[in-house]
Amino acid sequence: MASMPPLGSTMRVHQPYEGVYAFYDGRLDGVRAYSTEPNWLDDGAYALGVCSYAIVSGEEALVYDTSISNAHAALIRDRLDQVGVRHIRVVLSHWHVDHVAGNAVFADCEIIANDLTAKALSDNKNTLENRTPPVRPLVMPNSIFKDRRDLKIGDIEVQLRHVDIHSHDGTVMILPQLKLLFAGDTLEEPITYVAEPERLENHLLDLKRISTWDIEKILPNHGAENVIIAGGYGPELIAATGRYVRKLMRLRDEPGLANEDLLTFIAEDFRSDILTYYAPYEPVHTQNVESILKASGK
């Protein structure tokens, strides 16, 4: 039986860049965070590895996603207090539960989201507050932007940009001085989770758009801990995600591709070490395939 230490107690804190903190939890063999029964926290986040981030400059901080529970969010806030932060703002990468579950801990802060995220959270408030585990109360964003917003966190310039990848309401965060992209779930390694199969064409368009940006490193919210510690993924993750999405789209006309497991489906990217195989993503791939076949009436 899996062990279940206190919620948040297995979270690790890393500093891949000066002023950049990564709060990583999960990807621990034989460990679950919430319950032995199926639930979104363990199966959709903790098992895959989940990371929230904070940008710190002087007494100011910007938190990128509030993690998977109030316990995790409280630990993030405690660490920021310890390093002398007195003013916190929050950015939500998108509306999904594993990115907003700790909002209540930052209820006294400016919580920034794009207009599509604000609407999605409002539309899905009852669902999120009654999931297993529940996010109750769901604290809503209080600072809304459309398309793009630029911020200054102490001496650090931050750009927020809306992208339609994984979820229609994605917000990515760029530190232009470091040529560093915080991707939320728009980029995930080894594969993206297809939440909106009817929007794959849109996702490809925005993947192409991101590929033109002046970015050298990428920090996703789901990925390998050792890569995040080392400073993140290279831009090749963008192209690999595009290849996976395009092959998923082929399922509409080639349903036989559904018989390929993940290791086979993108074997070339695994062989070339662009992506690293991680077995818990096999069920994610299966869900992706099923959702696309269902959406296409197969």
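Reading guide: rules and limits
Residues numbered from 1 in each chain as written. Predicted model: local features only at pLDDT ≥ 70, side-chain atom pairs only at ≥ 80, totals over all residues. Heavy atoms only, no water. Pairing = 2+ DSSP bridges. Helix = DSSP H or I, 4+ residues; strand = E, 2+ residues; numbered from the N terminus. Axes fitted to C-alpha atoms, helices over the stretch in contact; angles between N-to-C directions. Contact = heavy atoms within 4.5 Å. Core = buried A, V, L, I, M, F, W, Y, C linked by side-chain atoms within 4.5 Å. Buried < 20%, exposed > 50% of the residue type's maximum accessible area, 1.4 Å probe, protein only.

Peer 1: Explanation requested: the sheet that holds strand β1 (residues 12-17) in the structure shown.
Peer 2: To summarise the sheet geometry, strands pair through backbone hydrogen bonds and adopt either a parallel or an antiparallel arrangement. Within the open sheet, the 7 strands sit side by side as β1-β2-β3-β4-β5-β6-β7. Their pairing is mixed. Only two strands of the sheet have a single neighbouring strand rather than two, namely β1 and β7 (143-145). Mean inter-strand twist for the sheet, computed between neighbouring axes without regard to direction, equals 25°. In terms of strand pairing, β1 meets strand β2 (residues 20-25) through 4 bridges, oriented antiparallel. Paired with Arg12 across the bridge in β2 is Tyr24. Sheet strands touched by helix α4 (residues 115-123): β6 (110-114) and β7. Its angle to β6, the strand with the most contacts, is close to 100°.

Peer 1: Could you clarify how one ought to interpret the nonpolar core in this entry?
Peer 2: Inside soluble globular proteins, nonpolar side chains tend to come together where they are buried. Leu181, Leu187, Trp213, Ile218, Leu248 and Ile266 are the most contacted members of the largest nonpolar core, which totals 39 residues. When residues of this core are traced back to their parent elements, those giving at least two are β9 (156-165), β10 (167-175), β11 (180-184), α6 (200-211), α8 (236-250), α9 (262-265) and α11 (282-295). When residues in this core are grouped by element, the largest group, 7 residues, is from α8. With residues up to four places along the chain from it excluded, the contact list for Leu181 reads Val172, Met173, Ile174, Leu187, Ile210, Trp213, Ile215, Lys217, Ile218 and Leu219. Among the nonpolar cores identified, the runner-up in size contains 36 residues, and Ala45, Val100, Ile111 and Leu138 belong to it.

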